[in-house]
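Listed below are the residues making up each chain.
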Amino acid sequence: MDNYIEQAGFGKILEKVRNQERLTLEDGQQLYNSSDILALGYLANIVRERVNKNDAFFIYNQHVNYSNICTNLCKFCAFGREKGHELAYEMTVADVKEKVRERLDEPITEIHMVGGIHPELPFSYYVDSLKAIKEVRPDVHIQAFTCVEIHHLATLAGKSVGDTLEVLKEAGLGSLPGGGAEVFSPRIRNLTCERKLPGDQWLEVARTAHQHGLRTNATMLYGHVETIEERLEHLDALRKLQDETGGFLAFIPLAFHPKNTAMSDLSNTTGMNDLKNIAVSRLMLDNFPHIKAYWVMIGPKTAQVALSFGADDMDGTVKEEVITHMAGAETAQALGHKTLIRLIKEAGRTPIERDTLYNVLATF
Ligand code: V47
């Protein structure tokens, strides 16, 4: 295989990967510009198996999207709605509590809760929602509110981001999901989400969360109008912050779904692009412990194959995914525990049920 990699022009990168040397942005360019997916997969798999051996993780989780009312109305998003729109919705704290109560008979270990930037809900709503979830399921880990929401909540609370996080932690917040990162480039934010928190401020909220002992994830929305350079700058910014804090748990490349968005003239991503983003992220983000193949966005079949192209995590059972399905995702809204185990086993990996912080709960 080494001969093959050298003939494909990746000899130097192979040497660096073997010697655990950091890849440069130019190396990243070369990887992204190649269509030799087997070579990319081979290289990414070296890092994947060094970091995670043969393990492939999943989690028993439940998504709760408390409201789609949003003042940002990003062009790539089919979920957000203006207040008063016929498809706008907002759950009360009692609704959130009920959503969690409905599944009390299932061994859910994580509640993943995010929503739009709501113009009116007070800070107390968010605190009370966390407390309500903990009342129903005291042991559950709540992974809630993207860095964009946290910034908004700090404004509502009239406190610093750090002090806001302390209040939320006290109410039950366990960690932050990775959404809202999109592509940090100001050009992309101007084109697709001009009202959203700028990239440098997203990173600042993540830094503060890490300083306050909260682990967070990071995402990148790819497959719209971003360039390869912009993707690599995004990965580089995350890699630098991770060097500084070590607070990121997982990176999740998110495949753009155009349906029902203001960018619906664009095409869906392809299998090659999906696998390439997994492989290049694994290679560039040498300091991230986990790369997640989010089956909701790339489909369970590609996510399964991704376990050989750099990914070590398939996310989880999810239950009632809304954000991607509003944008035309044709995947199921939930996957069974048994299906996840079968997908991982057939990929030749060891299925590991984890909790949010990657503690092992069961090995299959
Ligand atoms: O922030 C919005 C993205 C994100 C579309 O942290 C879209 O473990 C594709 O961040 N097509 C929310 N993507 C989802 C998210 C996430 C999901 C699963 C796990 C984790 C984690 C995080 O979805 C948004 C935005 O970047 N998004 N619209 C769309 N049309």
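About the thresholds
- Residues numbered from 1 in each chain as written.
- Predicted model: local features only at pLDDT ≥ 70, side-chain atom pairs only at ≥ 80, totals over all residues.
- Heavy atoms only, no water.
- Near = heavy atom within 4 Å.
- Polar contact = N/O pair within 3.5 Å; in protein donor to acceptor, adjacent residues only side chain to side chain.
- Areas by Shrake-Rupley, 256 points an atom, 1.4 Å probe, with all protein chains shown as cover.
- Helix = DSSP H or I, 4+ residues; strand = E, 2+ residues; numbered from the N terminus.
- Pairing = 2+ DSSP bridges.
- Contact = heavy atoms within 4.5 Å.
- Patch = residues over 30% accessible without salt bridge, like charges linked within 9 Å, V, L, I, M, F, W, Y side chains within 5 Å.
- Salt bridge = Lys/Arg side-chain N within 4 Å of Asp/Glu carboxyl O.
- Buried < 20%, exposed > 50% of the residue type's maximum accessible area, 1.4 Å probe, protein only.
- Axes fitted to C-alpha atoms, helices over the stretch in contact; angles between N-to-C directions.
- Parallel < 35°, antiparallel > 145°, perpendicular 65-115°, else oblique.
- Nonpolar A, V, L, I, M, F, W, Y, C, P; charged D, E, K, R; others polar.

Student: Outline the site of the ligand, supporting the account with residue identities and numerical values.
Tutor: Around the ligand there are 23 residues in total, and Phe-76, Gly-178, Gly-180, Glu-182 and Lys-292 lie nearest to it. Contact distances for the ligand include 2.8 Å between an oxygen atom and a backbone N or O atom of Gly-180. Between the ligand and the protein, one listed contact pairs a nitrogen atom with a backbone N or O atom of His-257 at 2.8 Å. When the free accessible area of the ligand is taken as 610 Å², the share hidden by the protein chains comes to 95%. Listing elements by their share of the shell around the ligand, those giving two or more residues are strand S6 (215–222) and strand S7 (248–255).

Student: Tell me about the sheet that holds S7, and name the residues and values.
Tutor: Judged by pairing direction, the sheet is parallel, and its seven strands sit side by side in the order S2-S3-S4-S5-S6-S7-S8 without closing on themselves. Each end of this open sheet is capped by a strand with a single partner; those strands are strand S2 (61–65) and strand S8 (290–291).

Student: Give me the lowdown on the environment of Leu-232, citing residues and values where you can.
Tutor: The topology assignment puts Leu-232 in helix H11 (residues 228–245). Considered as a pair, Leu-232 and Met-326 are 94 residues apart in the sequence and their alpha carbons are 28 Å apart. Not counting the four nearest positions on each side in its chain, Leu-232 is found in contact with Leu-25, Gly-28, Gln-29, Tyr-32, Val-280 and Met-284.

Student: I'd like a rundown of a nonpolar patch on the surface, residues and numbers included.
Tutor: A cluster of nonpolar side chains, namely Met-1, Tyr-4 and Leu-38, defines an oily patch on the protein surface of about 300 Å² accessible area. Topologically, Leu-38 is positioned in helix H4 (residues 37–52). Judged by relative accessible area, which is 52%, Leu-38 ranks as exposed.

Student: Which residues make up the packing of helix H2 (residues 11–18) against H4, and what values go with them?
Tutor: Close contact between H2 and H4 brings their axes to 10 Å; oriented N to C, the two are set at 0°. Overall, the two elements H2 and H4 adopt an arrangement that is roughly parallel. Contacts between H2 and H4 involve Ile-13, Leu-14, Val-17 and Arg-18 on the former and, on the latter, Tyr-42, Leu-43, Ile-46, Val-47 and Arg-50. The residue inventory of the contact of H2 with H4, partitioned by class, reads seven nonpolar, no polar and two charged.

Student: Could you give me a rundown of the pattern of salt bridges, with the residues and numbers involved?
Tutor: Using the criterion set out here, one finds 26 salt bridges in the structure. A salt bridge links Arg-207 to Glu-204; the nearest nitrogen and oxygen atoms lie 2.6 Å apart. Linking Arg-207 with Glu-204, this pair stays in helix H10 (residues 199–211), spanning three residues, or about one helical turn. A salt bridge links Glu-346 to Arg-342; the shortest N-O distance between them is 3.6 Å. Of this pair, Glu-346 and Arg-342 both sit in helix H15 (residues 337–346), four residues apart, which is roughly one turn of that helix. Each member of the pair Glu-346 and Arg-342 is classed as exposed.

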